[in-house]
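Here's the letter readout for the chains.
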Amino acid sequence: PLRRLAQHGSGRLVLRLQAEGQAAFFKAMLRGQLALIRRRRRDGSFYPGLLSDLAFYRRHWRHWRRRARLLRGSPPADLSIAAE
């Protein structure tokens, strides 16, 4: 964490970049899962577990997107890189 802080100059920026990266990752997983579900429904190999995975990706995408949005706003008093 200290190396990242030194590279970026701000613990808040490090946390924001991490949150944006995680949000992008889960968004890509979400899109891929939707495409997979559509394909599986067309070819008849759909199973309910695919929807559980979709819900997991959506939940985590929303979490990280919300976190990134909060980190772009005004800094809260208790936010620190050590919290990660």
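Worth saying up front: this structure is predicted, and the values here are computed from it rather than measured.

1. Some points on the environment of Arg67
Okay, so step 1: Relative to the elements of secondary structure, Arg67 occurs in helix H3 (residues 49–72).
Okay, so step 2: Residue Arg67 is classed as partly exposed on the basis of its relative accessible area of 23%.
Okay, so step 3: Along the chain, Arg67 and Glu20 lie 47 residues apart, while their C-alpha atoms are 8.4 Å from each other.

2. Looking at the confidence of the model for the chain
Okay, so step 1: In this model, the chain carries an average pLDDT of 86, and 80% of its residues clear a pLDDT of 70 or more.
Okay, so step 2: Element-level pLDDT for the chain is lowest in helix H1 (residues 2–8), with a mean of 67, against a maximum mean of 97 in H3.
Okay, so step 3: Contacts for the low-pLDDT stretch residues 77–84, under 50 throughout, to residues beyond four places or in other chains number 12 contacts.

3. Overview of the packing of helix H2 (residues 11–43) against H3
Okay, so step 1: Between H2 and H3, whose axes approach to 8 Å, the crossing angle comes to 155°. Taken together, H2 and H3 sit at an angle that is classed as roughly antiparallel. As for how H2 packs across H3, the hand of that crossing is left-handed.
Okay, so step 2: Its residues assigned to classes, the contact of H2 with H3 comprises 19 nonpolar, four polar and 11 charged.

4. Things to note about a positive patch on the surface
Okay, so step 1: Taken together, the side chains of Lys27, Arg31, Arg58, Arg62, Arg65, Arg66 and Arg69 define a basic patch exposed on the protein surface.
Okay, so step 2: When residues of the positive patch are assigned to their parent elements, the largest contribution, five residues, is made by H3.
Okay, so step 3: One can find Arg58 in helix H3.

5. Brief notes about the side chain of Gln33
Okay, so step 1: Inspection of the secondary structure assignment puts Gln33 in helix H2.
Okay, so step 2: Accessibility expressed as a relative area gives 7% for Gln33, which makes it buried.
Okay, so step 3: Discounting chain neighbours no more than four positions away, the residues touching Gln33 are Leu50, Asp53, Leu54 and Tyr57.

6. A look at the environment of Tyr57
Okay, so step 1: By secondary structure assignment, the location of Tyr57 is in helix H3.
Okay, so step 2: Along the sequence, Tyr57 and Arg31 sit 26 residues apart, while their C-alpha atoms lie 9.3 Å from each other.
Okay, so step 3: With residues near it in sequence (within four places) discarded, Tyr57 still touches Phe26, Met29, Leu30 and Gln33.

Conventions used here
Residues numbered from 1 in each chain as written. Predicted model: local features only at pLDDT ≥ 70, side-chain atom pairs only at ≥ 80, totals over all residues. Heavy atoms only, no water. Helix = DSSP H or I, 4+ residues; strand = E, 2+ residues; numbered from the N terminus. Buried < 20%, exposed > 50% of the residue type's maximum accessible area, 1.4 Å probe, protein only. pLDDT = per-residue confidence, 0-100. Contact = heavy atoms within 4.5 Å. Axes fitted to C-alpha atoms, helices over the stretch in contact; angles between N-to-C directions. Parallel < 35°, antiparallel > 145°, perpendicular 65-115°, else oblique. Left-handed = near helix turned anticlockwise from the far one by under 90°. Nonpolar A, V, L, I, M, F, W, Y, C, P; charged D, E, K, R; others polar. Patch = residues over 30% accessible without salt bridge, like charges linked within 9 Å, V, L, I, M, F, W, Y side chains within 5 Å. Areas by Shrake-Rupley, 256 points an atom, 1.4 Å probe, with all protein chains shown as cover. Salt bridge = Lys/Arg side-chain N within 4 Å of Asp/Glu carboxyl O. Lys, Arg positive; Asp, Glu negative; His and termini not counted. Charge placed at Lys NZ, Arg CZ, Asp CG, Glu CD.

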